[in-house]
Amino acid sequence: MKQPDRPQKGGAVNDSELQAKPRTPRAVVSSESEQLERIRTCVFPDAGSGSVDVAHQMARLIRERGDAGRTTVLGLATGSSPIRVYEELCRLHREEGLSFARVVTFNLDEYYPMDPDELQSYVRFMHEHLFDHIDIRPENIHIPDGRLDRADVYDYCQDYERLIAEAGGIDLQLLGIGRTGHIGFNEPGSTRESRTRMVTLDRLTRMDAAADFFGESNVPRRAITMGVGTIMEARELILLAWGEAKAAVVQKAVEGPVTESITASFLQSHPDVSFVLDSAAASELTRFRRPWLVTQCEWSNRMTRRAVVWLSHSLGKPILKLTDADYSEHGAGDLVTEQGPAYTINIRVFNELQHTISGWPGGKPHADDSNRPERALPFPKKALVLVPEPAGDVIGMGGTIRRLVEQGHEVHVAYLTSGGKLVSDPEARRFVDFILGIGGLMGDANEALRGFASQARRDLDGKRPGVVDSTAVRRIKGLIRQGEARAAIRLCGVDDANIDFLELPFYDTGRSRNNPLSAEDIDPLIALLETIQPQQVFVPGDLQNPGSTRRMSFEAIENAMKSLACRKASWLNDCWFWVYPEGWREWDLDEIDMAVPVSPDELDRKSEAIYQHQSQKSPTPSGARGSGEFWQRAEAVNRALAERYDRCGLAEYEGIEVFRRWKPFE
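Now for a description of the structure that goes with this document. (Residues numbered from 1 in each chain as written. Predicted model: local features only at pLDDT ≥ 70, side-chain atom pairs only at ≥ 80, totals over all residues. Heavy atoms only, no water.)

**Digging into the pattern of salt bridges**
If you walk through the whole model with that rule in mind, you get 44 salt bridges. As a salt-bridge pair, Arg287 and Glu37 come within 2.6 Å of each other at their nearest N and O atoms. Here Arg287 is found in helix H9 (residues 286-289), whereas its partner Glu37 is found in the loop between helix H1 (16-19) and strand E1 (40-44), with 250 residues between them in sequence. Overall, the relative accessible area of 17% leaves Arg287 in the buried class. Classification of Glu37 by relative accessible area gives buried; the value is 3%. For the salt bridge of Arg162 with Glu166, the shortest nitrogen-to-oxygen distance reads 3.1 Å. Of this pair, Arg162 and Glu166 are both found in helix H5 (residues 153-166), four residues apart, which corresponds to roughly one turn of the helix. Counted as one network, the salt bridges with shared partners bring together Arg84, Glu87, Glu88, Arg91, Arg94, Glu95 and Glu96. (Salt bridge = Lys/Arg side-chain N within 4 Å of Asp/Glu carboxyl O. Helix = DSSP H or I, 4+ residues; strand = E, 2+ residues; numbered from the N terminus. Buried < 20%, exposed > 50% of the residue type's maximum accessible area, 1.4 Å probe, protein only.)

**Let's talk about the packing of helix H2 (residues 47-67) against helix H3 (residues 83-96)**
Running from N to C, H2 and H3 point in directions that differ by 50°, and their axes come no closer than 8 Å. On the basis of their axis angle, the class for H2 and H3 is oblique. By crossing handedness, the relation of H2 to H3 is classed as right-handed. For the pair formed by H2 and H3, the contact residues are Gly48, Ser51, Val52, Val54, Ala55, His56, Met58, Ala59 and Arg63 on the first element and Arg84, Val85, Glu88, Leu89, Arg91, Leu92 and Glu96 on the second. When its residues are assigned to classes, the contact of H2 with H3 shows eight nonpolar, three polar and five charged. (Axes fitted to C-alpha atoms, helices over the stretch in contact; angles between N-to-C directions. Parallel < 35°, antiparallel > 145°, perpendicular 65-115°, else oblique. Left-handed = near helix turned anticlockwise from the far one by under 90°. Contact = heavy atoms within 4.5 Å. Nonpolar A, V, L, I, M, F, W, Y, C, P; charged D, E, K, R; others polar.)

**A few points about the sheet that holds strand E7 (residues 197-200)**
If you walk across this open sheet you meet the three strands as E4-E8-E7, and the pairing is antiparallel. Only two strands of the sheet have a single neighbouring strand rather than two, namely strand E4 (109-112) and E7. Neighbour to neighbour, the strand axes of the sheet diverge by 30° on average, direction disregarded. Bridge count for E4 against strand E8 (residues 222-225) is four bridges, and the pairing is antiparallel. From the neighbouring strand, Asp109 faces E8, where its bridge partner is Thr225. Here H5 sits on the sheet and contacts E4, E7 and E8; the angle it forms with E7, its principal contact strand, is near 120°. (Pairing = 2+ DSSP bridges.)

As C-alpha cells, this is what we get:
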C-alpha cells in the first residue's frame, strides 16, 4: 500500500491520434422538460442502480480499448459517492473476468499532510474499495502523496500533470460534488484554468469530513488536488451525486450561471459530461421541482399546491389575492386553463393548507376528523419515535413530542444508534475524569469502575488524531450521548421506562464508516415494534448519502416494516406512519401533510431540550447558551416554516414542526 516518492509512469500511452481527436459537444437537452439544464443529467431511482450503470459504462470502455490493444486512463474519486461503483467493478472483475491489466489510474486528490496508512488516507480508501480486489498493476496507480515536504509540493504537482499527459490524458474522469459545489478539492474561488496544486479547505468541507476524522479539529486544513483545468481536459466526465443533501448544489451547478463560487458549474462547457443522480439529488432541478415552468405537467393536487405556494411567495401576495393575470404572467397559465379561474384554485389550495395545521398531532378526541391530518380514534394512542442518532428527535419534533405527552398519549422513543462517533476526545476525557473522581470517592468498592476509566484515559492519552477509538472510549462516548438523550427527552415529558437504546451493530464499527445492514440490525427493530404495537410511528425523513447513519437507519426501518407486513401483523392495520425532518432542510409546503404549531413557550422548551446535547455544540469564548448552534438552527427552521404559512395568508405562529404521511405498504 506504499506510494512512491514521485508518481510513476505506467502502462502504454494512448495513441497520438486519439489525443488530437476533435471534440464535438453533444446535445445536452433531450426533452422539453430539461431545457434549463446546461449539463446532461441521468436520474435513477436510487444510488445503487445509478452506480451499477456507471460501473458498466466504465467496464465497456475498458473492454473496448483493451480489445484494441489500448490502455484506458481513468480519473478516480473518493468519498461515499463512488463506493458502490467500485463494488460493482470488483464484482465484474471477480465474476465476469473484467481485467484492469491495461488500466492506468490518477486520483483526484489527497489530504495534506496524510500518511498513506492512515484511516482517512485516500490511498488506503482506494486499496480497500478497489485496487486490492482487481488485477491492476501497482505501477499504474497514481494518487497524490500526502507525505511530501511542503517545499517539494509544487514540483510534485508539476510532475503529476506531466504524468497525466504522458499517459495520453484521462479517458474518463469520475467526480463527486461537495456541498460547496467543489469538484476534487477545488473550493469556491478556484479558477477555470487551475492545475494540480495544494489548496486550503473550506470550513464547510472540513465540517462534512469531521465524522471521518472523529472531530473537525482533526481534519487537515490543506489538500493536494487536480485543478479544474486538469479535470476539464479529460475526454469524458461523470459526476455522481446521491441524496437530498446534494440537491441544492446540483441544481446550481446544472442550471445556474458559471461561477467560481460553484466550481462544478465550470463543467457546463465540457463537451462530454454527465451528472448521474438519484431522485433525491435531482429533486431541486426545475423539471422535478417546478415542471410547469418548462413543460406541460399533470396538475395533481400536490403539484397544484406547489405551484400556487410558489407563485404566492414569488409575488409576495397571499394566496387568496392571486389573480388570473398573476398565473398567466408567471408561467402557470396552464393551471388556470385546466382548473381555473384563479379564485377557485386559490380557495381550494388555501383550504388544503389550512387543513394541514393541527394542534392535536395524535388526533383530537370527540371531534370531526374529516379535515384533520390525524384520526380522532383510537384515543389515547401509543406513539413510537424512531431516532437514528440522539438529538434528532428533539431537533425534528421536540415540540410535537411534548404536545403528544400533554394530550395524554403514551409516547415511546427509541434511539437506533449511540451517536458516539460525534463526541470529541476532549469531551470524552472530561467524563473519564468524572468517573475516576466518583471511583475515588467510593474507594476499593469500585475498583472495577476505576480500572475501566483508567484504561479509557490511557487510550485517550495515547491516541493520535483521527485514529479509531478503543472499545472503552467508544463505550464512554456512547454513554455520554445516552445521558444527553435522556435529559433532553425528559424535558419533553417522556417517561424513562419508555426510552430505548437499540445500539444497532451497523453503527458500532469503531470507524467513521458504517457496516452494511444485517439481520442483527433489523431484528431488534421488529422486536420493539411488536412489543409496543403503536398506532403512530414517527421516522426520520432526510435521506443523505448512501452509507450515512440516517439513510441506513431509514433502510433498516423499511426492512423491518416489510418483514412485519409479510408476517401479516394485525396491529399494522391501525398504525399510521409519519416522517419528520431530522436534518435542517426546510420542506416546501406542498410536501407537508401535518403542521403542528409551536408557541413561544413551547419553542423555548424545545430549545432547552436540544441544549442538553452539550457534546454536539461548538462553544464560543462567551460560553453562553447562545454559543451552541443546534438549538438556534432548529428555532430558525421552525420560525421559517411558520413564516411560509403566514406569507400565504394563513394564521401567524411562532414556529411550526412539520410531517409527511408515509404509507410503506402501498
